[in-house]
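Observations on the three-dimensional arrangement
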Amino acid sequence: MQAFIIRRLLAGVVILFFLSIAVFLVLRVAPGDPALLRLGPQATAEQVAAERERLGLNDPLVVQYSRWMKGILTGDLGVSNFSGESVARSIRNRLPNTLELLIMTLVLTTVIGITAGVISAVWRDTPLDYAVRVVAVLGLSVPALWLATLVLLVPLQVWGYAPPIGRVVHFFDDPWGNLRQFLPAAVVLALGPAAAIMRLTRSSLLEVLRQDYIRTARAKGLGERLVIARHALRNAMIPPLTVLALQFSALLGGSVIIEQIFTLPGIGQYFFQAIFVKDFTVVQTLTLYTGVVVVLTILALDIAYAWLDPRIRYR
Amino acid sequence: MASEYWQRFWRRRLGRRAFLRATALGAGATALVGALACREESPQATPAPQAEEGPPKRGGRSRYATFATFDQLDLHVSVATAASYFPRVYNTLVSQSQQKPDFFYYDLAETLEQPDAVTYIFRIRPGIRVAPNGLGVPERELDAQDAYANWERIKNEPRALVSRFAKQFLAFHAAQDARTYVMRTTEPYAWALYNVGLMYSTIAPRELLTNPDRLRTSGVGGGPFSFGRFVEGEGLSLERNPNYYRKGQDGQPLPYVDGIDVLYIPDRAARLAGFQSRQIESYTVANKRELDELMDPGKYYLVKEPYFNFMSVIMNVDRPPFNDGRVRRAVARSINHQQFINVVHLGDAQLNGIVHHDLPDFALPEDELKGRYLVYNPQEARQLLAAAGYPGGIKTKMVYPAESGATGGGDVAQYVPVLIETLRSGGIELELEPLDIGRYIDRVRRRDYDTALSLNPQYETPEGPLDWHTSWGYAGDGLSFHIFRDPEVDAAVRRVKRITQSVQELVQAVRDAQRLIYSKDPSVIPLPSSSSNNLWWNFVRNNPARLGLGRTYLFLAEWWLDL
Amino acid sequence: MAVRPAEVALGLELTVPRQPLLRRLLRLVRRYPLGTLGFLIILGLLVVGILAPVIAPHDVNEIGVAPPLSGISRETPFGTDNLGRDMLSRVIWGARISLSVGFIAVIGGTVAGTVIGLISGYMGGPIDSLIQRVLDSIQAFPALVLLLIIIRVLGPSLENVVLVIGLGIIPGVIRIVRGAVLSEKNNVYVEAARAIGATPVRIIFRHIAPNIMALAIVVMTTLLGTAVLAEAALSFLGLGVPPPNPSWGADINAARNNLPVHIPWALFPGLGISLTVLGFNLLGDALRDALDPRLRGAR
């Protein structure tokens, strides 16, 4: 087990190394001078030159890369080219927002998705099942940005109500305000994944319910509720949980639109803005940062499997 | 009365001739400044808030939304949203409104003398004290040394936005004594004072300037507010400066409000939701239709503010066929400006000549534009093309920035279809080449394009658009993407720039220069644009935005909230 | 190419004992009512898209068909946008653009992903490891961010939107196909082919690939819906199909940016997207049930 973890960590480091080189090069290949983007087309040649010098864009690529890497390895995430703001500080400000949104989304996804999936499987081929399944397919079909706009504007037009906008209300200052701010966003964000989880739970549970041991359990006279709760559910949960964990990284990027519409300054929005102004330092560093998060998540997932399912061996 | 109140800040620049007369009276001329603070011409009517605003109230916080990100708080370097808040924190020497060129807002400078065409003597106002702060800057009075230190920095910091003016025109400047700051330009320059009054050239206490790193995220000055919380991605708070020198109608120091929260809200729907639910005070509507749907006089009032972004069709005169004046004129004749007004702006827009309509004094009169320069005549266009050797019309590639949606700026998508249609009527086929913003700026700067649909660089004075039609261009180094090579135009624009004596003379010269440029078939054709239609909640009273002063109003802190 | 799912859906049922065509169809419809619905939706949208030049009442960029921002009326059943362009025509043309973006991107991406997945799964060893490590690196990246960066590099255009969405789906396809190949590889027929000396290329493409086809088709159908959504998302971020092309995503976005409170403008392009994704999902579910029980419910 230990050897496995070490090997996977080493592999992770290699992946991150390639990732860093890839993003570094891609950003520099992309057209558009970051100095010009910052200063605008009316800047004088002299101003552009000074800006390029300040950003270190005139150095050879190797020098630029090693300067960046040296910073990362010594715990200095650098400063934004655009604002001069420390990237570490921005991440510190923004990460709690993204995390809160993600956690809420994941909780909603799990609760709604699994409940609906179980209901749908247990009462399969009943009107209830069909209703749940139709709602799920609809949930997958509505574009999030469209739904988010409606969620924002319909209560506004009808009741003149809007969630707090433009300033993050922290949970510990004002839990109710915080919920009003994050919950609508999380609901919109959770809809698609919840539908997917519902479908997965349903099919996985149906599969398990056909297994022999379930028949045995039923045969020995256990109540249907007990059979499902005790025996079937636990085994049926492995595939949905896997997908759920993988949602994490997908949501990290997928939340850009929702963060933008609901004005929750998080990592996704930071990423997007940085790409927009070609803020090299921020894009590079954030890429690497999310890379680390994802590599660790996947590793944790693999380890969790080993606990859940002793048949899985690590070689 | 509110109008009398505003009157107090009306000081007129001492015209040169007036000054010469004053000196002829002998010594003690400076003592007469107050009496002579009036031009020969009769002053314009004082702009005053339109409604009876009632007695001022104190307290409350103003909340604004911004759709662009803040970059940094360095007052000379910042290019983004933060710049609009420097006037709230720092002082300007004197700010001249470009919308009402007769209006001078005297702040750090109490008076201004111009003994000759190149010399500006600012008398520093006593009693402007630095706000309480945790940065170690003493709460002392600002003096001439501060003005000197700031302009020294602007001159030596290549990234400073006003550095071009400082380098090119600032021949000499000095603090002659604690209360006298003198600037001398290399040659007479019409927009010297404008550059002095910009929001990028405010004056910070000199202790701050020694630490540019700290200046990036904080700062303090003698303006009505000081910086509070600044969270990247979220916004900026400003807190009331208890030391501010100007007094309100109640005799107590301004400002009336306790602070300002500027919130970063990139999405239009979210801004609308924030506005309608009273979380922010003002909202810029997208168009006339939205205005009509939202407008509710019981809740909001409308302020039309100058809007400096608009679209232009640009032709590259260094490339055929646009090096031929007949082709350029054919393009001009193919553009149905009225169509843009009717369709893109739903009727709520004005024609733009070379100088745009939000600089009403300097822009050519609408009748003249309509009758002579912005004539839509596709038959003539086809004839011109035929005469230039293109009987079958021309086909040209047009570059434009594709991603207008996310930035919240002008919406290119609305202009393109109209443009295609109108140019086609004159025999000009457009081949569209949408570019991402980085590549777009890069291409136009290298002048690697045939035609472009462009969001113009912002300008607040007529100097910008005149420069586009010169061989040195907007940036002054011949590298700008608007270049026009005509010695006569160059000479005319140079002449305009040297006029410092009289606003009237300047206005006339700017208009004549535009007529000259039009006679040469210019390569830049600005399309009609609308002013910025801003709705304000009517609990915002005595709003300086209503004075029509352009950006100069940002220095005024006289509004209050009637919550 | 555009009608492929239809042919496939019917073609695969040909393996059941021969019956009169009508009866087989009816049986299919009875067995998969939702799938049939999805199929009909997609078929309908495809017909609309293909016939756009014929059935659209106006040119997409014809200005002033009716007053700007007209509501729903006889002349303009879907209203007009702020330039007075007929939204019905734009939605019809939008079907053409959004569906072509989806189909080209997804077919391209699935084919590429399947080929790589086949090779990776069958060959194993260092090639497999290399491909897997590259995939790990790519998946360490939030997909949307990856798309954003690529489109920044390439610049916004219809072709690049297609390319980026196509690239975006490749990793997922590779993983699914590879997994299937791994379990397929140990079947007797592969052993047999190897025993008679077939080359790896032949085994992969003549023996394993046909068995993976069903899986690839199912995956593709579901991804088509995702692609249409991705196009809308890119438009929102200002990096989608550039104006004045009438893509659904671009139109929703134009509506949001110009008049958030004017519902009809955004409603119909939005319905277009929802309907398309719904159709593909329903069809995908049915195909999955019919073709590959192993995949039931997986997404």
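None of the values given here were measured: they were computed from a predicted structure.

**Side note on the overall build of chain C**
Check the secondary structure of chain C and you find twelve helices and zero strands. Sequence-ordered secondary structure for chain C, helices as α and strands as β, is α-α-α-α-α-α-α-α-α-α-α-α. Counting contacts in chain C only where the partners sit at least 6 residues apart, residues at least 24 apart contribute 71% of the total.

**Concerning the interface of chain B and chain C**
Of the residues lining the interface, 29 residues belong to chain B; the matching set on chain C comes to 26 residues. Mapped onto the side of chain B that touches chain C, the elements with two or more residues apiece are helix H10 (268-276), helix H11 (288-294), helix H16 (412-425) and strand E15 (428-435) of chain B. In terms of residue count, H16 of chain B provides more of the side of chain B that touches chain C than any other element does, eight residues in total. Tallied by class, residues from the side of chain B that touches chain C come to 15 nonpolar, five polar and nine charged.

**Examining the confidence of the model for chain B**
Within chain B, residue pLDDT values average 82, and 89% of them lie at 70 or more. Contacts for the low-pLDDT stretch residues 1-51 of chain B, under 50 throughout, to residues beyond four places or in other chains number 62 contacts.

**Points about the sheet that holds strand E7 (residues 180-185) of chain B**
All names here are of chain B. Within the open sheet, the four strands sit side by side as E4-E5-E7-E6. Their pairing is antiparallel. Where the open sheet ends on each side, the last strands, each with one partner, are strand E4 (109-113) and strand E6 (170-177). The average angle at which neighbouring strand axes cross in this sheet is 20 degrees, direction not considered. Taken together, the six bridges between E6 and E7 define a ladder with antiparallel strand orientation. Each residue of the ladder has a partner; that of aspartate 177, found in E7, is threonine 180. Of the strands in this sheet, strand E5 (119-124), E6 and E7 are in contact with helix H5 (residues 144-156), which crosses E6 at around 160 degrees.

**Concerning the pairing of strand E13 (residues 311-315) of chain B**
Residues and elements named next belong to chain B. Burial of E13 is extensive: five of the five residues sit out of reach of the surface. Sheet analysis places E13 next to strand E16 (residues 451-455), joined by five bridges and oriented antiparallel. Looking at E16, one finds that methionine 315 is bridged to threonine 451. Two strands pair when backbone bridges link them, and E13 and strand E17 (residues 524-526) are joined in this way by three bridges, in the antiparallel orientation. Within E17, the position partnered with isoleucine 314 by the bridge is valine 524.

**Some remarks on the interface of chain B and chain A**
Facing the 45 residues of chain B at the interface are 47 residues of chain A. When residues of the side of chain B that touches chain A are traced back to their parent elements, those giving at least two are strand E10 (259-264), H10 and helix H17 (437-445) of chain B. Among the elements that take part in the side of chain B that touches chain A, H17 of chain B stands out by supplying seven residues, more than any other. Tallied by class, the residues present in the side of chain B that touches chain A amount to 21 nonpolar, eleven polar and 13 charged.

**Concerning the sheet that holds E17 of chain B**
All names here are of chain B. Taken together, five strands build an open sheet; the order of strands is E15-E14-E16-E13-E17 and the sheet is mixed. In this open sheet, the two edge strands, each paired with only one partner strand, are E15 and E17. With direction set aside, neighbouring strand axes in the sheet form an average angle of 25 degrees. On the sheet, helix H12 (residues 325-334) packs against E13, strand E14 (394-401), E15 and E17 and is oriented at approximately 155 degrees with respect to E13. Relative to the sheet, H17 contacts E14, E15 and E16, its axis offset from that of E14 by approximately 125 degrees.

**Side note on the packing of helix H5 (residues 87-123) of chain C against helix H8 (residues 158-185) of chain C**
When two helices pack together, their arrangement is captured by the angle between the axes and the distance separating the axes. Residues and elements named next belong to chain C. Contact pair H5 / H8: the axes reach a minimum separation of 6 Å and the direction vectors enclose 35 degrees. Judged by the twist between their axes, the crossing of H5 over H8 is right-handed. Looking at side-chain class alone, the contact of H5 with H8 contains 19 nonpolar, nine polar and two charged residues.

**Observations concerning unusual backbone geometry**
Of note, the amide linkage connecting leucine 254 of chain B to proline 255 of chain B takes the cis form, showing an omega dihedral of -10 degrees. Positionally, proline 255 of chain B belongs in the loop between strand E9 (235-240) and E10. In this structure, the amide linkage connecting proline 320 of chain B to the following residue, proline 321 of chain B, adopts the cis form with an omega of 0 degrees. Examined against the element boundaries, proline 321 of chain B turns out to sit in the loop between E13 and H12. Notably, threonine 263 of chain A is not glycine yet its phi reads approximately 55 degrees, a positive angle. Its location among the elements puts threonine 263 of chain A in the loop between helix H11 (238-261) and helix H12 (267-276). Threonine 263 of chain A gets classed as buried once you count the C-beta atoms within 10 Å, which come to 28. With phi around 55 degrees, aspartate 521 of chain B is a residue other than glycine that occupies positive phi space. For aspartate 521 of chain B, the position within the fold is in the loop between helix H20 (503-519) and E17. Take aspartate 521 of chain B: there are 22 C-beta atoms within 10 Å of it, and that puts it in the buried class.

Rules behind the numbers
- Residues numbered from 1 in each chain as written.
- Chains lettered and ligands numbered in written order.
- Predicted model: local features only at pLDDT ≥ 70, side-chain atom pairs only at ≥ 80, totals over all residues.
- Helix = DSSP H or I, 4+ residues; strand = E, 2+ residues; numbered from the N terminus.
- Contact = placed C-beta atoms within 7 Å.
- Nonpolar A, V, L, I, M, F, W, Y, C, P; charged D, E, K, R; others polar.
- pLDDT = per-residue confidence, 0-100.
- Pairing = 2+ DSSP bridges.
- Axes fitted to C-alpha atoms, helices over the stretch in contact; angles between N-to-C directions.
- Buried ≥ 20, exposed ≤ 12 C-beta atoms within 10 Å, placed from the backbone.
- Left-handed = near helix turned anticlockwise from the far one by under 90°.

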